[in-house]
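# Chain and residue survey
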Amino acid sequence: MNPVSIIARKRDGGELSAGEIEAFVAGFTRGDVHDYQASALLMAIYLRGMTDDETAALTDAMLHSGTTLVWPDGSPPQVDKHSTGGIGDKTSLVLAPLLACCGVQVPMVSGRGLGPTGGTLDKLESIPGFRTDLSIDEIHRIVDRVGCVITGASAEIAPADRKLYALRDVTGTVASIPLITASIMSKKLAEGLDALTLDVKHGSGAFMKSLDDARRLANSLVETGRRMNVATTALLTDMHQPLGAMAGNAVEVDECVTLLEGESDGELRALTLALGAELLVSAGVDDSAEEAECRLADEIASGRAYEKLREMVAAQGGDLDAAREVAPASAVESPQAGYVAHIDSEQLGLAIIELGGGRKRQGDPIDHAVGLKMLVRIGDRVEQGQPLVGLFERQAHPLARRMTLEAFQFSDEPVAPPNLIEERIGP
């Protein structure tokens, strides 16, 4: 394998074979291919793109660069969900225990906050004692006993992705659909899944700002899953405003607990049920989405899903009953009357980072107690002085308050709210 010839062929728009891609990725993982050579190939891929065959081959090479989870014969179907990220996106915390009540198992490997978007692991770490650094053996034991787990990726899972992403982050090659696809799917398929659904978000608080870009990514993810023999579907969902009421860490956990206690309704519940239904149908548990959503709703109403969350948290060292600190709240008020026409969700995510609820640099500590509560939605009529957002802040933070206020735009005319689920992609 000659790295230079592989780089040159992709630079000139040629198609790489599966063998060439596998050899390059394996060489880079071992250290035989240098960082500067991998960076050159990443830039060539960014500029020239990849075919579906190439994307699947890259995913497969990254997947097999490390350990994959293997489940015993006769195990329940293994399923998972991946979200491309957004503000207030907390469905994983509800979905994993909910699905584990329905005859499937959920070996969920999740991540931390990236840019303005929150991370599932950061949210869960607001629960005292909760561990997100489980070993492969611990993942197997907890999934077998509880039915679900949410943990970070161990060093053994897709190490090529970890090395390649570090280069993408500093070479301006993050926003490449083939590279995004291979990164997501290599980690998810390492879980040994039978079914996967993707929550691909679009809007001001998503990495994919436009619906067209989100659709292209979703099609790439679903096609790659199909080629890897995993039942895969995707929902294109709204991120023009935060999902649910809360955004932050402890406050999002509290919102999820309230939902599983059967005491809340709205967009978070609706999206969680829709994503769960995709997986139950793909795994063959239910014949239709309607049947699956009824099953999931029953598990919430019975209290079984809440008890499953408690069981999972305890298995990972956490105490769901222990107090989760939440900072004092103060209102950000509307400067005018009118209809809420636009919310810059990314700006709200950055405001949370200013409060300390996210990271400006890798390794920064997180204040789990801060965040915000959405008090209005796009399309709502508001009056001057009406609270728009409740800020959970340790002390008055003028910059975060200004950023929050500047995230809102108003109209004198009525505004239609966005669709929560815009489109489904899959068989």
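Anyway, here's the lowdown on the structure attached to this text. (Residues numbered from 1 in each chain as written. Predicted model: local features only at pLDDT ≥ 70, side-chain atom pairs only at ≥ 80, totals over all residues. Heavy atoms only, no water.)

### Topic: the overall build of the chain
Of regular secondary structure, the chain possesses 16 helices and 13 strands. By the compact-globule yardstick of 22 Å for 427 residues, the chain fits well, its C-alpha radius of gyration being 22 Å. Viewed in the frame of its principal axes, the chain has a C-alpha envelope of about 65 × 45 × 40 Å. Split into buried and exposed, the 427 residues of the chain put 54% on the buried side. Taking the average location of the 39 positive side-chain charges in the chain and that of its 63 negative ones, the two points are 4 Å from each other. (Helix = DSSP H or I, 4+ residues; strand = E, 2+ residues; numbered from the N terminus. Rg over C-alpha atoms; globule rule 2.2 N^0.38 Å. Buried < 20%, exposed > 50% of the residue type's maximum accessible area, 1.4 Å probe, protein only. Lys, Arg positive; Asp, Glu negative; His and termini not counted. Charge placed at Lys NZ, Arg CZ, Asp CG, Glu CD.)

### Topic: unusual backbone geometry
Positive phi outside glycine occurs at Ala158, with the angle close to 45 degrees. Note that Ala158 resides in the loop between β3 (148-152) and α8 (159-171). Of note in this structure, Asn229 is not a glycine but carries a positive phi near 65 degrees. For Asn229, the location among the structural elements is in the loop between α10 (211-227) and β5 (231-238). Residue Asn229 is classed as exposed on the basis of its relative accessible area, which comes to 73%.

### So, the nonpolar core
Soluble globular proteins: nonpolar side chains tend toward being buried together. Leu99, Val200, Val340, Leu372, Val389 and Phe408 are the most contacted members of the largest nonpolar core, which totals 104 residues. Counting residues per element, this core draws most heavily on helix α12 (residues 267-282), at 8 residues. Excluding anything up to four places from it in sequence, Leu99 contacts Val79, Val104, Val106, Gly276, Leu279, Leu280 and Leu296. Counting residues in each nonpolar core, the second largest holds 22 residues, with Ile21, Val33, Ala38 and Ala182 among its members. (Core = buried A, V, L, I, M, F, W, Y, C linked by side-chain atoms within 4.5 Å. Contact = heavy atoms within 4.5 Å.)

### Quick notes on the pairing of β5
As a general feature of sheets, a regular strand has side chains that alternate between the two faces. The buried fraction of β5 is high, at 7 of 8 residues. As defined by bridge partners, strand β4 (residues 195-202) adjoins β5 across 8 bridges and the pair is classed as parallel. The partner of Leu196 across the bridge, within β5, is Thr232. Between the parallel elements β4 and β5, the chain passes through α10 in a crossover that is right-handed. (Pairing = 2+ DSSP bridges. Right-handed = clockwise from strand over helix to strand, strands pointing away.)

### Overview of the pattern of salt bridges
Under the definition given, this model contains 33 salt bridges. Arg131 is the partner of Glu138 in a salt bridge, and the nearest nitrogen-oxygen pair spans 2.9 Å. Given a relative accessible area of 18%, Glu138 falls into the buried group. Arg131 gets classed as partly exposed once you look at its relative accessible area, which sits at 32%. Salt bridges linked by common partners bring Asp53, Glu223, Arg226 and Arg227 together as one network. (Salt bridge = Lys/Arg side-chain N within 4 Å of Asp/Glu carboxyl O.)

### Notes on the sheet that holds β4
Read from one edge to the other, the open sheet built from 4 strands follows the order β1-β4-β5-β13, with strand pairing classed as mixed. At either margin of the open sheet sits one strand with a lone partner, and together these are β1 (79-83) and β13 (421-425). Neighbouring strand axes in the sheet, compared pairwise and without regard to direction, differ in orientation by 15 degrees on average. On the sheet, α10 packs against β4, β5 and β13 and is oriented at approximately 165 degrees with respect to β5. (Axes fitted to C-alpha atoms, helices over the stretch in contact; angles between N-to-C directions.)

### Some words on a nonpolar patch on the surface
Together, Met43, Tyr46 and Leu47 give the surface a local cluster of nonpolar side chains, amounting to about 290 Å² of exposed area. Within the secondary structure, Met43 sits in helix α3 (residues 35-48). According to the relative accessible area criterion, Met43 is partly exposed, its value standing at 30%. (Patch = residues over 30% accessible without salt bridge, like charges linked within 9 Å, V, L, I, M, F, W, Y side chains within 5 Å. Areas by Shrake-Rupley, 256 points an atom, 1.4 Å probe, with all protein chains shown as cover.)

### Let's talk about the environment of Leu124
Within the secondary structure, Leu124 is located in helix α6 (residues 120-124). When the C-alpha atoms of Leu124 and Ala175 are compared, they prove to be 28 Å apart, with 51 residues separating the residues in sequence. If we skip the residues at most four places from it in the chain, Leu124 touches Leu93, Phe130 and Ile150.

### Overview of the packing of aromatic side chains
Inspection of every chain in the model, using the stated rule, returns 1 aromatic pair. The ring of Phe28 carries the charged tip of Lys163 above its face, separated from the ring centre by 4.4 Å. One Lys or Arg, Arg381, reaches over the ring of Tyr339 and ends 5.4 Å from the middle of that ring. (Phe/Tyr/Trp six-rings, centres within 6.5 Å; stacked < 30°, edge-to-face > 60°. Lys NZ or Arg CZ within 6 Å of the ring centre and 35° of its normal.)

### Examining helix α5 (residues 91-100)
Because an α-helix completes one turn every 3.6 residues, residues spaced three or four positions apart along the sequence face the same direction. With 10 of 10 residues buried, α5 lies mostly within the body of the structure. Listed in full, the buried residues belonging to α5 are Thr91, Ser92, Leu93, Val94, Leu95, Ala96, Pro97, Leu98, Leu99 and Ala100.

### Examining the side chain of Glu252
On the secondary structure map, Glu252 appears in helix α11 (residues 250-260). What makes Glu252 buried here is its relative accessible area of 1%. Other than its neighbours up to four places away in sequence, Glu252 contacts Gly88, Asp89, Lys90, Lys123, Met246 and Ala247.

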